[in-house]
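Coordinates in review
Here are the chains, one letter per residue:
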Amino acid sequence: MVSQTQVPHAPLDPAGLADALRPFGASRMLPPAAYVDPAVFAWEQRHFFGAGWTCVGFSAELASPGDQRAESVGDGGVLLSRDADGVLHAFSNFCRHRGHELLPCGTSAQRQNIVCPYHSWTYDLGGGLRAAKGFKGTAGFDTSRWGLIELPVTEWHGLIFADGSGGRAGSLTDALADLDELVAPYEPERLVIAGRHSYDASSNWKILTENYHECYHCPMIHPELCKVSPPKSGENYQASGAWVGGWMDLREGMATMSLDGSSLGVPLRGLDATGLRTVIYVNIFPNVLLSLHPDYVMTHRLTPLAADRSIIECTWAFAPEARERAGFDPGYAIEFWDITNRQDWGACESVQRGLSSPHAVAGPLSPDEDAVYQYVTMVARGYSGQSAWAPRAAAIAG
């Protein structure tokens, strides 16, 4: 059960949030301040990214005992480690002595202990303090009291999520229960990452996600995408957990999302005939965009740096048997989405500039933007103090 701990409301006009929460067809987008105000961004870092489940990496990055990696989460950082028994741990990324980071965020290590680079305090891979230089024999110093601060962590289809709230966000498995049924046939945990790009976008993280949730813009800026997938195809799911998404068709004669519609990989073994003709696009709140193709899975992981700046880590993963084929080249998928990504980031940066105008007001949603509505209302409820990881009604009011 999700804790009912009171969360302070975001520093936004309540009337603007009420407009965003009106029934679909009568609602507005979030107030412009939600995208440009540093005070709102600071609130999000603490209450969205730092006080609930956030994706902090891939299981494949911590596959072996001794593997360690640090990632920024909200206002702080998380240190991940895989212990000798293969159990994954997550800790607040600071030494219990003077608070030095145990690893710089974004870096990895492989060693049998966790060692602070400042004063050499040494912890085991499960977070227990093993050695504190200069404290041996000190009266009253109890090593069992000074282990690392452990956080809930879980692995979900090859993604690692940590709960910065320390457990108040409830069960991620429950929050993603209905999504699990859609993702499981793609077996993301079995796939192998064959490509990775990092983008630095001058855009708010929510603008990036809202853009992902609609193809209303596709005929204007995505000629390559429209060539292989009809922009008006598909439908959006009526999700009840901490996610939003939908699916789109491939055009006749197209095998996947690539510049010419052809695939140089192999179809994913768990898909039925429908799965081989569609692409699923889902957002796991707050920072994962998961795109499921007939022959690969693309994952965007968002790291907000400021109200108007976000890092997007994009990876492409393929079946192991595709990687093992002589001459396999993942470029057919990477090139297509690199072009499309850059088109999207350019549009999102323009939205950011527009919403920074002192004259900006929240706009309406088109009938094609029902997934955007689902996402906006999820965020608006979060701003109003409700947990994004709590169950919610699946139906959209008409």
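Before any of the text, the structure's been laid out above.
Quick look at the structure, then. Everything numeric here is computed off the predicted structure, so don't read it as measured data.

A few points about the overall build of the protein
When its secondary structure is counted, the protein shows 11 helices and 18 strands. The principal-axis extents of the C-alpha atoms in the protein amount to approximately 75 × 60 × 35 Å. Taken across its 398 residues, the protein has 52% of its residues classed as buried. Once local pairs closer than 6 in sequence are excluded, the contacts in the protein between residues at least 24 apart make up 68%. Entry remark: accessible area of the protein is about 16900 Å², with carbon and sulfur atoms responsible for 53%. Each charge class in the protein can be summarised by its mean position, and for the 29 positive and 44 negative side chains these summaries are 7 Å apart.

A closer look at the sheet that holds strand 11 (residues 159–163)
In space, the three strands of this open sheet follow the order 1-11-10, with antiparallel pairing throughout. Lying at the two open borders of the sheet, with one neighbouring strand each, are strand 1 (53–58) and strand 10 (153–156). Averaged over all adjacent pairs, the angle separating strand axes in this sheet is 30°, with direction ignored. As defined by bridge partners, strand 1 adjoins strand 11 across five bridges and the pair is classed as antiparallel. Of the residues in strand 11, the one forming a bridge with G57 is I160.

Some thoughts on the environment of P188
Along the chain, P188 turns up in the loop between helix 5 (177–183) and strand 12 (192–201). Taking the C-alpha atoms as reference points, P188 and E155, 33 residues apart in sequence, are found 12 Å from one another. For P188, the residues in contact, after removing those within four places along its chain, are H157 and V183.

Side note on the packing of helix 6 (residues 205–212) against helix 11 (residues 370–383)
Following both chains from N to C, one finds helix 6 and helix 11 inclined at 150°, their axes separated by 8 Å at the closest point. Taken together, the axes of helix 6 and helix 11 are roughly antiparallel relative to one another. Relative to helix 11, the crossing made by helix 6 is right-handed. On helix 11, the residues touching W205, K206, T209 and E210 of helix 6 are V372, Y375, V376, V379 and Y383. When grouped by side-chain class, the residues that make up the contact of helix 6 with helix 11 number six nonpolar, one polar and two charged.

Regarding the packing of helix 6 against helix 10 (residues 331–355)
Two numbers describe how helix 6 lies on helix 10: the axes approach to 9 Å, and their chain directions differ by 125°. Relative to helix 10, the element helix 6 is oriented oblique. In terms of crossing hand, the pair formed by helix 6 and helix 10 is right-handed. Where helix 6 abuts helix 10, its residues I207, L208 and N211 lie against D344, W345, C348, V351, Q352 and L355. Residue classes in the contact of helix 6 with helix 10 are distributed as six nonpolar, two polar and one charged.

About the cut-offs
- Residues numbered from 1 in each chain as written.
- Predicted model: local features only at pLDDT ≥ 70, side-chain atom pairs only at ≥ 80, totals over all residues.
- Heavy atoms only, no water.
- Helix = DSSP H or I, 4+ residues; strand = E, 2+ residues; numbered from the N terminus.
- Buried < 20%, exposed > 50% of the residue type's maximum accessible area, 1.4 Å probe, protein only.
- Contact = heavy atoms within 4.5 Å.
- Areas by Shrake-Rupley, 256 points an atom, 1.4 Å probe, with all protein chains shown as cover.
- Lys, Arg positive; Asp, Glu negative; His and termini not counted.
- Charge placed at Lys NZ, Arg CZ, Asp CG, Glu CD.
- Pairing = 2+ DSSP bridges.
- Axes fitted to C-alpha atoms, helices over the stretch in contact; angles between N-to-C directions.
- Parallel < 35°, antiparallel > 145°, perpendicular 65-115°, else oblique.
- Left-handed = near helix turned anticlockwise from the far one by under 90°.
- Nonpolar A, V, L, I, M, F, W, Y, C, P; charged D, E, K, R; others polar.

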